[in-house]
Amino acid sequence: MPRIRILGGGLAGCEAAWQIARAGLDCTLIEMRPMRSTAAHKTAQLGELVCSNSLKSESENSAPWLLKEELRRLDSLLLACAQKTRVPGGHALTVDRELFGREVTAAIENNPRIELRREEAVSIPADHITIVATGPLTSGALADEIARVTGSNRLFFYDSISPIVEAESVDLRVAFRASRYGKSLDGGDDYLNCPFDREQYERFVAAVLAADSAPAHIPEDQTPFFEACLPIEELARRGRDTLRFGPMKPVGLTDPRTGRRPYAVAQLRQENQRAASYNLVGFQNHMRFGEQARVFRLIPGLDNAEFLRYGQIHRNTYINAPALLAPTLQLRAEPRVFFAGQISGVEGYVESIATGLIAGRHAAELALGETTRPFPRETAVGSLCVYVSGADPLHYQPANITFDLLPALDEATRARLRHDKRARHAEVCRRALEKLDEYRSVYV
Ligand SMILES: Cc1cc2nc3c(=O)[nH]c(=O)nc-3n(C[C@H](O)[C@H](O)[C@H](O)COP(=O)(O)OP(=O)(O)OC[C@H]3O[C@@H](n4cnc5c(N)ncnc54)[C@H](O)[C@@H]3O)c2cc1C
């Protein structure tokens, strides 16, 4: 049987290679650095952390903690390297980046089952089980190959992410349900609408214009954007009314409280795999996260909004995963090809490690002639897979782990814990780890 190939020796690729070796199989890991680098990497190390040194919260019963705890239980190499190179960072798992990269590199180089090749991958071989894990800055030649395999309209080069708020933090005494001209996609009222009067709108636009921008990570992040997904601050700069003729247009909407069309609206959409949250449609932006919280709480109905994710726009190569992938991260049309890491449509270091682990384990199962068994839906790793393979492909935006990706608790438990969010989160985590342990007891 030909060796499994992994393209890209970053966070996802190294974790995948290690999981395959752990399953007793040989594999080849292909990394193009140092011969060819990316706009963000600075070293020849495998698993280089390109920006912050934080793997996010370690506060027990938070969603980022749950994902890490699951990875630890699944024997993740990169989480073990992070633990070894940990530096003080309050509630977060922060590492010494240099030592972390060294640990990952040594673990891969010293593993006899992993052959490391330092070369640029330019094709997806037809006769190997292959994991594509070349990350957000995949080289051009391979991006062309991925576009050929997946269809060019399913490969994106920029993230245009709008903020997400917790559903229960939206003030429903202000926001109203309706679709423009009463035209709903599914027979219901698809959107929640936050209505502005003129004064509220002008205050909001002024705040957007005055907000601080986040610094660009790489030069490409400063290049002009597609007209179709401009940051809202760019729209605001083009004129006082540009936003209310664009993403904040009120046409076709009547506020039931006034009986009139609002001066402007912010529309919130619930996504099919994100039951307990809403996406602020068209509010992608470049503002610092703290500024986003301050400015978006000026939106009527969002005064007390809890943000699960902030808006971003940056260079990112990723596929339209829900149109292409199964929950095992295999291409539906070509199951010997897996995608992992940012390119599979997740966002963040730990999410990239997680999808590397998942793809590595499933690739090993496939090579051994076994059935690829998706992780339980109740787990964080399982929920990430369900999101990337099952979200709405028409509005796909990469995701990091948040509680709204996990299935809701049963009604009786929700009712019992309705006043205690912490207890609800603790219960979601308990259930996830219980299901993961059941899975591990069958499929080591
Ligand atoms: C500038 C920037 C800053 C980021 N900052 C953060 C942050 O602070 N926190 C966070 O959680 N997430 C951050 N991310 C998002 C994401 O978590 C990281 O990009 C993460 O490294 C993704 O892991 P990965 O394994 O998918 O890709 P990578 O870690 O980038 O690994 C991909 C590897 O593939 C190699 N490669 C590319 N093309 C080829 C090819 N054709 N042949 C062979 N090798 C190839 C690359 O050299 C690289 O080593 C950032 C992303 C970018 C672009």
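Above this note sits the structure.
Residues numbered from 1 in each chain as written. Predicted model: local features only at pLDDT ≥ 70, side-chain atom pairs only at ≥ 80, totals over all residues. Heavy atoms only, no water.

### Some thoughts on unusual backbone geometry
Negative phi characterises most residues that are not glycine, and trans characterises most peptide bonds.
Phase 1 of the analysis: Omega for the peptide link from arginine 33 to proline 34 comes to 5 degrees, which places this bond in the cis form.
Phase 2 of the analysis: Locating proline 34 in the fold gives a position in the loop between β2 (27–31) and β3 (54–57).
Phase 3 of the analysis: Unlike most non-glycine residues, lysine 56 shows phi in positive territory, near 65 degrees.
Phase 4 of the analysis: Assignment of secondary structure puts lysine 56 in strand β3. (Helix = DSSP H or I, 4+ residues; strand = E, 2+ residues; numbered from the N terminus.)

### Let's talk about the site of the ligand
Phase 1 of the analysis: In the vicinity of the ligand lie 33 residues, with Glu31, Arg33, Ala121, Gln342 and Tyr349 positioned nearest.
Phase 2 of the analysis: The separation between an oxygen atom of the ligand and a polar side-chain atom of glutamate 31 is 2.6 Å.
Phase 3 of the analysis: For the ligand, an oxygen atom lies 2.8 Å from a polar atom in the backbone of tyrosine 349.
Phase 4 of the analysis: Isolated, the ligand exposes 960 Å² of accessible area, and the fraction of that covered by the protein chains is 94%.
Phase 5 of the analysis: When residues of the shell around the ligand are traced back to their parent elements, those giving at least two are α1 (11–22), β2 and α10 (349–367).
Phase 6 of the analysis: Considered class by class, the residues forming the shell around the ligand number 14 nonpolar, 15 polar and 4 charged. (Near = heavy atom within 4 Å. Polar contact = N/O pair within 3.5 Å; in protein donor to acceptor, adjacent residues only side chain to side chain. Areas by Shrake-Rupley, 256 points an atom, 1.4 Å probe, with all protein chains shown as cover. Nonpolar A, V, L, I, M, F, W, Y, C, P; charged D, E, K, R; others polar.)

### Thoughts on helix α6 (residues 198–210)
Note: α-helices contain 3.6 residues per turn, so residues at a spacing of three or four share the same orientation.
Phase 1 of the analysis: Taking 1.5 Å as the rise per residue, α6 with 13 residues should run 18 Å; its terminal C-alpha atoms sit 18 Å apart, in good agreement.
Phase 2 of the analysis: Taken together, the buried residues of α6 touch β11 (191–196), α7 (232–237), β12 (264–271) and α8 (289–296).
Phase 3 of the analysis: At the N-terminal end of α6, a side-chain oxygen is found 3.2 Å from the backbone nitrogen of glutamate 199, two or three residues along, and the residue is aspartate 197. (Expected span 1.5 Å × (residues − 1). Contact = heavy atoms within 4.5 Å.)

### Overview of the side chain of asparagine 400
Phase 1 of the analysis: The topology assignment puts asparagine 400 in the loop between α11 (380–390) and α12 (411–416).
Phase 2 of the analysis: Beyond its immediate sequence surroundings of up to four residues, asparagine 400 is in contact with Lys56, Arg274, Arg309, Glu347, Glu351 and Leu405.

### Some thoughts on the pairing of strand β13 (residues 274–280)
Phase 1 of the analysis: For β13, the tally of buried residues reaches 5 of 7 residues, placing the bulk of the element in the interior.
Phase 2 of the analysis: Pairing of strand β9 (residues 164–166) with β13 involves 3 bridges; the strand directions are antiparallel. For glutamate 166, the partnering residue across the bridge sits in β13 and is serine 277.
Phase 3 of the analysis: Note: β12 against β13, 3 bridges, orientation antiparallel. Directly across from glutamate 271, in β13, lies its bridge partner arginine 274.
Phase 4 of the analysis: Adjacent in sequence and paired antiparallel, β12 and β13 are bridged by 2 residues. (Buried < 20%, exposed > 50% of the residue type's maximum accessible area, 1.4 Å probe, protein only. Pairing = 2+ DSSP bridges.)

### Here we look at the environment of aspartate 197
Phase 1 of the analysis: Note that aspartate 197 resides in the loop between β11 and α6.
Phase 2 of the analysis: The class of aspartate 197 is partly exposed, set by a relative accessible area of 40%.
Phase 3 of the analysis: Taking the C-alpha atoms as reference, aspartate 197 lies 9.2 Å from proline 300; in sequence the two are 103 residues apart.

### Section: the sheet that holds β3
Phase 1 of the analysis: Spatial ordering of the open sheet is given by β3-β5-β4, a layout of 3 strands whose pairing is antiparallel. Only two strands of the sheet have a single partner each, and these edge strands are β3 and β4 (86–87).
Phase 2 of the analysis: When β3 meets strand β5 (residues 92–95), the two strands line up antiparallel, connected through 2 bridges. Within β5, the residue paired with serine 57 across the bridge is alanine 92.
Phase 3 of the analysis: Packing of helix α3 (residues 77–84) onto the sheet brings it into contact with β3, β4 and β5, and relative to β5 it is tilted by some 80 degrees. (Axes fitted to C-alpha atoms, helices over the stretch in contact; angles between N-to-C directions.)

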